[in-house]
Amino acid sequence: MKLLITGSRGQLGTELQRQARDEIVAADVEEVDITELDSVRSIIKKTAPDGIINCAAYTNVDKCETDRDAAFAVNALGARNLAIAASECCAKLIHISTDYVFDGSGSEPRREWDLPNPQSVYGYTKLTGEQYVRQFCPRSFIVRTAWLYGYVGTNFVKTILNAAKSGKPLKVVDDQRGNPTSAVDLTKHLLKLISTEEFGIYHCTNNGECSWYEFADRFLGLSGLKYTIEPCTTEEFPRPAKRPAYSSLDNMMLRLTIGDEMRSWQDAVAEYIEHYNRESGEFEL
Ligand SMILES: NC(=O)c1ccc[n+]([C@@H]2O[C@H](COP(=O)([O-])OP(=O)(O)OC[C@H]3O[C@@H](n4cnc5c(N)ncnc54)[C@H](OP(=O)(O)O)[C@@H]3O)[C@@H](O)[C@H]2O)c1
């Protein structure tokens, strides 16, 4: 297969390039700005991919609240443009979405049949992107993931490790629960999915759930760093964008199609920290 990866310099895009054994066309915003339909059509026509994996997104959840047009342009119109162009050249499309399309109520993991109800601009723009993909590209997979961390780029794990290294006492939110997800494990499943015709909506997160505090305490404990950490509430740590309190996802569609081989979040983060320790705190591809 020939695969086009958009947003190729981000955490997920980089991991896809590392793992893919197919022919890859890697494109970030300099090669193709997904907000421009003509530019999207042109790269797809020129490269004629069999599959497209869209990793491009406006991922700064708080900034989305004030930069609404730009967030919508990337997360919704960008997805629409890729869906139109993929459909025109009969390529399959994987579009990555998020647990933030749900409102965070309830206490049971959300399944693919549950109705989204976003609570933030980021969530709304990602949900509209999903709807455009379904509308314009039948040969598509929408894959919702959560709390993603990869070797390249910024993420919660790196932020907390850096803060701990600087010796600061840490306070981490303990009343939001979800599924920390390794970009390594998500990538394995994306590459498997794109080779099938099992189109539809998927949840794909590492198995098991925890709070941000439990997550941080777990990986800091494995890191060998000296640290002090305390749980706090969302109220004590106000942010511009509302986060879902409970956004755990159930990988039902994976189980029923290609198989759910997502590890437990504990095993996945243990591997990440092993790598971190081996590289003395520096991550490089
Ligand atoms: N990170 C998470 O915790 C998380 C959780 C759930 C779902 N997701 C979803 O997972 C996917 C991958 O996330 P990630 O963490 O890998 O994101 P990321 O590291 O922020 O990477 C996104 C990439 O897209 C690029 N980009 C931005 N605007 C673009 C445009 N107009 N055209 C082309 N490329 C553009 C960015 O470039 P610049 O850096 O130059 O802007 C960046 O290289 C996204 O769909 C995201 O919504 C992420």
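Residues numbered from 1 in each chain as written. Predicted model: local features only at pLDDT ≥ 70, side-chain atom pairs only at ≥ 80, totals over all residues. Heavy atoms only, no water.

1. A look at the environment of glutamine 266
Here is step 1 of the chain: Residue position: glutamine 266 is located in helix 10 (residues 265-278).
Here is step 2 of the chain: Taking relative accessible area as the criterion, glutamine 266 reaches 25% and is therefore assigned partly exposed.
Here is step 3 of the chain: In sequence terms glutamine 266 and asparagine 206 are 60 residues apart; their C-alpha atoms lie 8.7 Å from each other. (Helix = DSSP H or I, 4+ residues; strand = E, 2+ residues; numbered from the N terminus. Buried < 20%, exposed > 50% of the residue type's maximum accessible area, 1.4 Å probe, protein only.)

2. Some points on the environment of tyrosine 227
Here is step 1 of the chain: Along the polypeptide, tyrosine 227 turns up in the loop between helix 8 (212-223) and strand 12 (229-232).
Here is step 2 of the chain: Judged by its relative accessible area of 28%, tyrosine 227 is partly exposed.
Here is step 3 of the chain: A sequence separation of 63 residues divides tyrosine 227 from alanine 164, and the C-alpha atoms of the two residues are 5.6 Å apart.
Here is step 4 of the chain: At a separation of 3.1 Å, a polar atom in the side chain of tyrosine 227 contacts the side chain of aspartate 217.
Here is step 5 of the chain: Only 3.5 Å separates the side chain of tyrosine 227 from the backbone nitrogen of glycine 221, close enough to count as a polar contact. (Polar contact = N/O pair within 3.5 Å; in protein donor to acceptor, adjacent residues only side chain to side chain.)

3. Focus on the site of the ligand
Here is step 1 of the chain: What surrounds the ligand is a group of 25 residues, the closest being Asp28, Asp33, Thr59, Tyr122 and Lys126.
Here is step 2 of the chain: Between the ligand and glutamine 11 there is a distance of 3.0 Å, counted from an oxygen atom to a backbone nitrogen or oxygen.
Here is step 3 of the chain: Separating an oxygen atom of the ligand from a backbone N or O atom of alanine 57 is a distance of 3.4 Å.
Here is step 4 of the chain: Summarising the interface, the protein chains cover 78% of the accessible area of the ligand, which totals 900 Å² for the free molecule. (Near = heavy atom within 4 Å. Areas by Shrake-Rupley, 256 points an atom, 1.4 Å probe, with all protein chains shown as cover.)

4. Concerning the packing of helix 8 against helix 10
Here is step 1 of the chain: At a closest axis distance of 9 Å, the pairing of helix 8 and helix 10 adopts a crossing angle of 40°. In terms of their interaxial angle, helix 8 and helix 10 are classed as oblique. The element helix 8 and its partner helix 10 pack so that their crossing is right-handed. Every residue of helix 10 that contacts helix 8 at Glu214, Phe215, Arg218, Phe219, Leu222 and Ser223 is listed here: Trp265, Gln266, Val269, Ala270, Ile273 and Asn277.
Here is step 2 of the chain: Each residue belonging to the contact of helix 8 with helix 10 can be placed in one class, and the counts come to 7 nonpolar, 3 polar and 2 charged. (Axes fitted to C-alpha atoms, helices over the stretch in contact; angles between N-to-C directions. Parallel < 35°, antiparallel > 145°, perpendicular 65-115°, else oblique. Left-handed = near helix turned anticlockwise from the far one by under 90°. Contact = heavy atoms within 4.5 Å. Nonpolar A, V, L, I, M, F, W, Y, C, P; charged D, E, K, R; others polar.)

5. A closer look at the packing of helix 6 (residues 156-165) against helix 10
Here is step 1 of the chain: Between helix 6 and helix 10, the shortest axis-to-axis distance is 13 Å and the interhelical angle comes to 50°. In this view, helix 6 runs oblique relative to helix 10, as classed from their interaxial angle. Every pair of crossing elements has a handedness; the one defined by helix 6 and helix 10 is right-handed. Between helix 6 and helix 10, the residues in contact are Val157, Lys158, Leu161 and Lys165 and Tyr272, Ile273 and Tyr276, respectively.
Here is step 2 of the chain: Considering only residue class, the contact of helix 6 with helix 10 consists of 5 nonpolar, no polar and 2 charged.

6. A few points about unusual backbone geometry
Here is step 1 of the chain: The phi torsion at alanine 48 lies on the positive side, around 45°, for a residue other than glycine.
Here is step 2 of the chain: Positionally, alanine 48 belongs in the loop between helix 2 (37-47) and strand 3 (51-54).
Here is step 3 of the chain: With a phi close to 45°, tryptophan 147 is a non-glycine residue in the positive phi region.
Here is step 4 of the chain: Mapped onto the fold, tryptophan 147 is located in the loop between strand 5 (140-145) and strand 6 (148-149).

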